[in-house]
Amino acid sequence: MDGSGPRKPILEKSRMTAASTATAPRGLRWAVTAALGVAALALLSHIAVALWAQYSLTQVEPIIGIQAGGLAAGRGLYLELDRYPFTVSPYGPIFYGLSALAQRCGVAALLGGRLVSIAALLGTLWLFWRILCAWGVGELERRTGLALLACSGAFGIWGVVAQSDGLALFFSVAALERFAAYERQRRWAPLVAAGLCIALAIFTKQSFLAAGAAVTVSLLLKEPRRGLAFAGALAAFGPAVVAVLNAVTDGGYLANAVLANLNPFAWSKLYDHLRYFALASGGLALVAAAGLARRGTFRLPLQLYVAFSLAIWLLTSPKVGSDLNYQIEPTLALCLAAAVSLDRLRFFELLARSDPGWVTLLQIPLLLHLVLNTGVAVQSGMNRAVREQLAQHENMALAEWTAPERGRLLSVEIDPLLHAGRPMEVEPLIYTILVEAGVSPSQPVERDLETGAFRTVILYQDLTSPGGLVANPELPSLPASQLDVIRRRYSLAAHVDGPLLDGVFVYEPKPLDATDGLEASATPSHGQ
């Protein structure tokens, strides 16, 4: 097919929506422009804070920064789980690689990762607009959809940090945009590009499967033969890349990205996720669902994308260690669906006529979404500014213990390690889970704690208090047996206020008794 047939109705729809926009009341156009301006300011506030902050905005940022630094220095990425350093690289290699490249170019670890994410975020907004244009959505509805996305808390808060979510989302949306181009043109080139973007999204972060699934299922339902070829190509290409990565890393890729990523579930977390979702995205869901009441609104890849992204979020959000970044993709999917619903329901046309029907009442959830999420942006900016000050105080107070001349350091707070240029010998949260699962050994670290090889230990727990050995599963800690060794063999040296809870507690080895027969080791123990 030459594509001339499918393009005609889209062009006609574009002319109709352009005319509708031009004839809309000036006050209505100004209101949409004002909403877009407020959303842009909310998003710019997230970007400004991310570029200004020198310390980590999340617990994961410094971990990724240190791991990318190791890759940049040639020390590799997906390391063995049974020996020092006990650290896991749980994501695909693409974000790590770009962050490592930024570090090789002299950019600070956190800033380099954030620049990658911010570039991806801006690209995602552009692709979002292009998708709505391809689907023939009116200009006012496109502007509204863009405003809904730009002000969304999950998108702004997690799209600017040095983590893989923003880049993976960019590739997912790029896959949707290329598939929309394929639907117009019926040429292989955009379909191949969509397949490559699907692979890039998954090899950036494994949970970003929704766009790939939506594109593949849509193609299978509409064009079974071509859909089978497309699905077969993905099924061959993906495992081949995994096999190569696993071979290059001596089995480390699957061990890190799959085995070590199977965190236990805490189903109570699902309630927290649902509560935030209802507050921050409930209005989006209502507007998106309202469009289903109008015949002809159904658009296969969009509805599938919404369904798959919500399903993946619900299945993965109860994991120990999950955060609100898990909501970034379903939020974007709902923003797309909301814009399409407004267009198909002729929302702005009815609003301009002061229609008394139920469709015009959708302005209430739209305004609530804008107001609530703008408030979230303000609160997030204030919280991150306070966190920056607390992190600066903490790093300065810990400087004497994190200095390289102090010897080996075991810390659950990773930010001071990154800023002091210290190695991360143990990544506490994932390591503890792997020890409890029998995947990683506890003995090497226990032995080095017993001998006082770690000259400083930094924990979130006060082991001198009665409940100090009870760890919060959501905070980095160490296995119970190692905490018991620290309680016996180390003494509390300092308590330093920090950005998390009660700050951190610094421990130093007690003097060894001559009868103990223990000598402090100067090098790591490399037990199997």
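In this report, we go over the structure that sits alongside the text. (Residues numbered from 1 in each chain as written. Predicted model: local features only at pLDDT ≥ 70, side-chain atom pairs only at ≥ 80, totals over all residues. Heavy atoms only, no water.)

1. A word on unusual backbone geometry
Then step 1. Here the amide bond leading from Tyr 84 into Pro 85 is cis, since omega sits at -10°, within 30 degrees of zero.
Then step 2. Within the fold, Pro 85 resides in the loop between α3 (60-72) and α4 (93-104).
Then step 3. At Arg 346, a residue that is not glycine, the phi angle is positive and equals roughly 55°.
Then step 4. Within the element layout of this structure, Arg 346 appears in the loop between α15 (328-344) and α16 (347-352).
Then step 5. Phi at Ser 354 takes a positive value of approximately 55°, unusual for a residue other than glycine.
Then step 6. Structurally, Ser 354 can be placed in the loop between α16 and α17 (363-397).
Then step 7. Judged by relative accessible area, Ser 354 falls into the exposed class, the value being 60%. (Helix = DSSP H or I, 4+ residues; strand = E, 2+ residues; numbered from the N terminus. Buried < 20%, exposed > 50% of the residue type's maximum accessible area, 1.4 Å probe, protein only.)

2. A few points about the sheet that holds strand β4 (residues 504-509)
Then step 1. Strands sit in the order β1-β2-β4-β3 across an open sheet of four strands; the sheet is mixed. Single-partner strands in this sheet number two, and they are β1 (408-411) and β3 (490-496). Taken over all neighbouring pairs, the strand axes of this sheet differ in orientation by 25° on average, direction set aside.
Then step 2. Pairing of β1 with strand β2 (residues 454-459) involves four bridges; the strand directions are parallel. The partner of Leu 410 across the bridge, within β2, is Val 457.
Then step 3. Contacting β1, β2 and β3, helix α21 (residues 443-450) runs over the sheet at an angle of about 115° to β2. (Pairing = 2+ DSSP bridges. Axes fitted to C-alpha atoms, helices over the stretch in contact; angles between N-to-C directions. Contact = heavy atoms within 4.5 Å.)

3. Details of the packing of helix α8 (residues 165-185) against helix α9 (residues 188-202)
The description of two helices packed together rests on the angle between their axes and the distance between the axes.
Then step 1. With their axes 8 Å apart at the nearest point, α8 and α9 run at an angle of 165° to one another. By the angle class used here, α8 and α9 are roughly antiparallel. Our pair here, α8 against α9, has a crossing hand that is left-handed. Along the contact surface, α8 presents Ala 168, Phe 171, Ser 172, Ala 174, Ala 175, Arg 178, Phe 179, Ala 181, Tyr 182 and Gln 185, while α9 presents Pro 190, Leu 191, Ala 193, Ala 194, Cys 197, Ile 198, Leu 200 and Ala 201.
Then step 2. In terms of residue class, the contact of α8 with α9 is built from 15 nonpolar, two polar and one charged. (Parallel < 35°, antiparallel > 145°, perpendicular 65-115°, else oblique. Left-handed = near helix turned anticlockwise from the far one by under 90°. Nonpolar A, V, L, I, M, F, W, Y, C, P; charged D, E, K, R; others polar.)

4. A closer look at the pattern of salt bridges
Then step 1. All told, the structure shown has 19 salt bridges when counted by the stated rule.
Then step 2. One salt bridge in this structure joins Arg 143 and Glu 139, with 2.6 Å as the shortest N-O distance. Taken together, the residues span about one helical turn, with Arg 143 and Glu 139 both in helix α6 (residues 139-151) at a distance of four residues.
Then step 3. Among the residues examined, Arg 143 registers a relative accessible area of 22% and is labelled partly exposed. (Salt bridge = Lys/Arg side-chain N within 4 Å of Asp/Glu carboxyl O.)

5. What to know about the environment of Leu 98
Then step 1. Inspection of the secondary structure puts Leu 98 in helix α4.
Then step 2. Put simply, Leu 98 and Ala 68 are 30 residues apart on the chain and 8.5 Å apart in space, counted from C-alpha to C-alpha.

6. Structural notes on α4
Then step 1. With twelve residues, α4 should cover 16 Å at 1.5 Å per step; its first-to-last C-alpha distance of 16 Å lies within 8% of that length.
Then step 2. If you follow the buried residues of α4, they end up packed against α3, α5 (109-134) and α8. (Expected span 1.5 Å × (residues − 1).)

7. As for the side chain of Asn 373
Then step 1. Within the element layout of this structure, Asn 373 appears in helix α17.
Then step 2. A polar contact is formed between the side chain of Asn 373 and the backbone nitrogen of Gly 153, at a distance of 2.8 Å.
Then step 3. Look past the residues within four positions of Asn 373 in its chain and what remains in contact with it is Cys 151, Ser 152, Gly 153 and Ala 280. (Polar contact = N/O pair within 3.5 Å; in protein donor to acceptor, adjacent residues only side chain to side chain.)

8. As for the nonpolar core
Then step 1. Counting residues in hydrophobic clusters, the biggest one holds 98 residues, and the most contacted among them are Trp 135, Tyr 305 and Leu 336.
Then step 2. Once you skip the residues sitting within four places of it in the chain, Tyr 305 turns out to touch Leu 169, Ser 172, Leu 176, Ala 210, Ala 211, Ala 214, Glu 329, Leu 332, Ala 333 and Leu 336. (Core = buried A, V, L, I, M, F, W, Y, C linked by side-chain atoms within 4.5 Å.)

9. Quick notes on the packing of helix α2 (residues 26-52) against α17
Then step 1. One way to put it is that α2 packs onto α17 with a least axis distance of 10 Å and a crossing angle of 15°. Relative to α17, the element α2 is oriented roughly parallel. Once α2 is placed against α17, the crossing between them reads as left-handed. In this structure, α2 contributes Ala 35, Val 38, Ala 39, Ala 42, Ser 45, His 46, Val 49 and Trp 52 to the contact, and α17 contributes Leu 370, Thr 374, Ala 377, Ser 380, Gly 381, Arg 384, Ala 385, Glu 388 and Gln 389.
Then step 2. Residue composition of the contact of α2 with α17, grouped by class: nine nonpolar, six polar and two charged.

10. Some points on the pairing of β4
A regular strand carries its side chains on alternate faces of the sheet.
Then step 1. Counted residue by residue, β4 has five buried out of six residues, so it is predominantly covered.
Then step 2. Both β2 and β4 contribute to a ladder of three bridges, which runs antiparallel. The partner of Ile 458 across the bridge, within β4, is Val 506.

11. A few points about a nonpolar patch on the surface
Then step 1. On the surface, a nonpolar cluster with roughly 590 Å² of combined accessible area is contributed by Leu 279, Trp 358, Leu 361, Ile 364, Leu 368 and Leu 372.
Then step 2. It is α17 that contributes the most residues to the nonpolar patch, three residues altogether.
Then step 3. Within the element layout of this structure, Leu 372 appears in helix α17.
Then step 4. On the accessibility criterion, Leu 372 (37% relative accessible area) is partly exposed. (Patch = residues over 30% accessible without salt bridge, like charges linked within 9 Å, V, L, I, M, F, W, Y side chains within 5 Å. Areas by Shrake-Rupley, 256 points an atom, 1.4 Å probe, with all protein chains shown as cover.)

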